[in-house]
Amino acid sequence: MTDIEKVAVVGGGLMGAGIAEVCARAGLDVLVAEVGTDALDRARARISGSLERAVAKAKLTAEEGADAETRLSYTADIGDCADRDLVIEAVAEDEAVKTDVFARLDKVVARPDAILASNTSSIPIMKLAMATGRAGQVVGIHFFNPVPVLPLVELVPSLLTSNETTERAADFATGTLGKTVVHARDRAGFVVNALLVPYLLSAIRMLESGFAAAEDIDAGMVHGCAHPMGPLRLADLIGLDTTRAIADSMYAEFKEPLYAPPPLLLRMVDAGLYGKKSGRGFYDYG
Ligand code: CAA
């Protein structure tokens, strides 16, 4: 266990809601910050729905589910993060949006030893650290979707992150949340997305070229390689907007064609076909 008791999660989307849920289930006091009341209502509904499902599946007792709810609070004012020991940013995968959040957190978070973490998949931690006056306390803590199910956390210090921050973040992820940590250097994509994203993009290129149907591509990897889901369904789960944003960051960093988002992915994002969360991607979720 660590000295971290009060956590804020900035952003209550797919990842932020999952992170807030696992923190509340681990006994922490969790504040969820979003940009307005509609976004906060959606975050609250996501977290409550997931806790209810966990209770219905007997992963939590009704009492544990209710206790987790009482440890969660919600705010539309990032200034309320002032008293937090740890803030985890989980807003959209957009460098300008994320650096703005870090600059604002730097102004409001009062504890001198507070950790400012990002759940980014692909944006260099150094860029976020340099938006603050406390680069030694900025670190990447990258979760995987669905957060309550997948045990992995990638821990990513920048060149300026202090050893103490990295150690406290690792203790938090393993000791408090019970996650498995892998350590990665501050390069776009870290370990998992450096391997996963070229695979997802290859599947999209395969579909785009007419080489095979979506169902056959996915069935190939599910039944031939025992993956829990095929690459196109997984891209739908991650979100095609997020998949594209990760590919853009990785392409910007390495200039390697294998990270370049294929035109089909770009057009689907243009069309608002973001995958499971929007109701349609490579598959329909109506
Ligand atoms: N929240 C909580 N629990 C969930 C859940 C959610 N959103 N979705 C599924 N589960 C649980 C279910 O309750 C179920 O639990 P039990 O077996 O104990 O009943 C279990 O997970 C399996 O779920 P289902 O039976 O409904 O469905 P499934 O067997 O098809 O599994 C899946 C669904 C867990 C999503 C599985 O297909 C899977 O692990 N897929 C791969 C996901 C993956 O690779 N994620 C990483 C994405 S990359 C990323 O996140 C990082 C990034 O930067 C892009």
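Values in this document were obtained by computation on a predicted structure and should not be read as measured data.

Conventions and cut-offs
Residues numbered from 1 in each chain as written. Predicted model: local features only at pLDDT ≥ 70, side-chain atom pairs only at ≥ 80, totals over all residues. Helix = DSSP H or I, 4+ residues; strand = E, 2+ residues; numbered from the N terminus. Rg over C-alpha atoms; globule rule 2.2 N^0.38 Å. Contact = placed C-beta atoms within 7 Å. Domains from an automatic or database assignment. Nonpolar A, V, L, I, M, F, W, Y, C, P; charged D, E, K, R; others polar. Near = placed C-beta within 6 Å. Buried ≥ 20, exposed ≤ 12 C-beta atoms within 10 Å, placed from the backbone. UniProt positions renumbered as here; feature names shortened; annotations may be inferred. Core = buried A, V, L, I, M, F, W, Y, C linked by C-beta atoms within 7 Å. Axes fitted to C-alpha atoms, helices over the stretch in contact; angles between N-to-C directions. Parallel < 35°, antiparallel > 145°, perpendicular 65-115°, else oblique. Pairing = 2+ DSSP bridges.

> Can you walk me through the overall build of the protein in this structure?
Along the protein, the regular secondary structure elements total 11 helices and eight strands. Its C-alpha atoms give the protein a radius of gyration of 19 Å, within 12% of the compact-globule value 19 Å for 286 residues. For the protein, the spread of C-alpha atoms along the three principal axes comes to 55 × 45 × 35 Å. Within the protein, residue pairs in contact and separated by at least 24 positions form 66% of the contacts whose partners lie at least 6 positions apart.

> What should I look at first to understand the domain arrangement of the protein in this one?
When the parts of a complex come together, some accessible area is lost, and that lost area is often used as the size of the interface. According to the domain assignment, the protein consists of domain 1 (6-183) and domain 2 (192-277). Listed as interface residues are eight residues of domain 1 and, on the opposing side, 11 residues of domain 2. Looking at the side of domain 1 that touches domain 2 residue by residue, the class counts come to two nonpolar, three polar and three charged.

> What is the right way to read the environment of L273 from this model?
Mapped onto the secondary structure, L273 falls in the segment after α11 (263-270). When the C-alpha atoms of L273 and D236 are compared, they prove to be 9.1 Å apart, with 37 residues separating the residues in sequence. Dropping the residues within four chain positions of it, L273 is found in contact with L240, M268, S278, R280 and G281.

> For this particular structure, what's the right way to read the site of the ligand?
The immediate surroundings of the ligand are formed by 14 residues, with S121, F144, N145, P146 and P228 found nearest. Residues belonging to the shell around the ligand are distributed by class as follows: nine nonpolar, four polar and one charged. Both domains that furnish three or more residues to the shell around the ligand are identified here as domain 1 (6-183) and domain 2 (192-277).

> Before we go on, may I ask you to explain helix α9 (residues 231-238) in this structure?
Three or four residues apart is the spacing at which side chains of an α-helix point the same way, because the helix has 3.6 residues per turn. In terms of burial, α9 is a largely internal element, seven of the eight residues being buried. When α9 is considered as a whole, its buried residues turn out to be P231, L232, R233, L234, A235, D236 and I238. Residues of α9 that are buried sit in contact with α7 (192-208), α8 (214-225) and α10 (240-254). Taken from the residues just after α9, G239 is the one with a positive phi, measuring 105°.

> Quick question: what am I supposed to make of the UniProt feature "domain: 3-hydroxyacyl-CoA dehydrogenase C-terminal" (unreviewed entry) in the protein here?
Here, the residues flagged by UniProt with the feature "domain: 3-hydroxyacyl-CoA dehydrogenase C-terminal" (unreviewed entry) are residues 189-285. With 62% helix and 0% strand, residues 189-285 has end C-alpha atoms that lie 28 Å from one another.

> I would appreciate a short explanation of the nonpolar core in the present structure.
In globular proteins that are soluble, nonpolar side chains generally tend to be buried together. Counting 55 residues, the largest nonpolar core has V9, I19, A20, V30 and V87 as the members making the most contacts within it. When residues in this core are grouped by element, the largest group, seven residues, is from helix α1 (residues 14-25). When neighbours within four sequence positions are excluded, A20 is seen to be in contact with V9, G12, V30, V32, I47 and L72. Ranked by size, the runner-up nonpolar core spans 23 residues in total, among them L201, I217, I246 and Y259.

> I would appreciate a short explanation of the UniProt feature "binding site: CoA" (unreviewed entry) in the protein in the present structure.
Under the feature "binding site: CoA" (unreviewed entry), the UniProt entry names S50, K57 and S121. Spanning 72 residues, the named residues are also spread out in space, since their farthest C-alpha pair is 29.8 Å apart. Here S50 shows up in helix α2 (residues 37-56). Judged by local crowding, S50 falls into the buried class, with 21 C-beta atoms found within 10 Å. Setting aside residues no more than four positions away along its own chain, S50 makes contact with E21 and P148. Structurally, the position occupied by S121 is in the loop between β5 (115-118) and α5 (125-129). Beyond its immediate chain neighbours, meaning those up to four positions away, S121 contacts E93, H142, N193 and I246.

> Would you mind showing me how to read the environment of G175 here?
Within the secondary structure layout, G175 lies in helix α6 (residues 163-176). Each C-alpha atom of the pair G175 and A26 lies 9.8 Å from the other, and the pair is 149 residues apart in sequence.

> Mind showing me how you'd approach the packing of α8 against α9 here?
The description of two packed helices rests on the angle between their axes and on the distance between the axes. Relative orientation of the contacting elements α8 and α9 amounts to 100°, with a least axis distance of 7 Å. The orientation of α8 relative to α9 falls into the category roughly perpendicular. Across the interface between the two elements, A214, I217, D218 and M221 from α8 touch P231, L232 and R233 from α9. In terms of residue class, the contact of α8 with α9 is made up of five nonpolar, no polar and two charged.

> Mind showing me how you'd approach the sheet that holds strand β7 (residues 152-157) here?
Through backbone hydrogen bonds, the strands of a sheet pair up, either in parallel or in antiparallel fashion. Spatial ordering of the open sheet is given by β3-β2-β1-β4-β5-β6-β7-β8, a layout of eight strands whose pairing is mixed. Every interior strand has two partners, whereas the edge strands, β3 (72-75) and β8 (180-183), have only one. This sheet shows a mean twist of 25° between the axes of neighbouring strands, independent of strand direction. Sheet analysis places strand β1 (residues 6-10) next to strand β4 (residues 86-89), joined by four bridges and oriented parallel. Across the sheet, the residue bridging to V9 is I88, located in β4.

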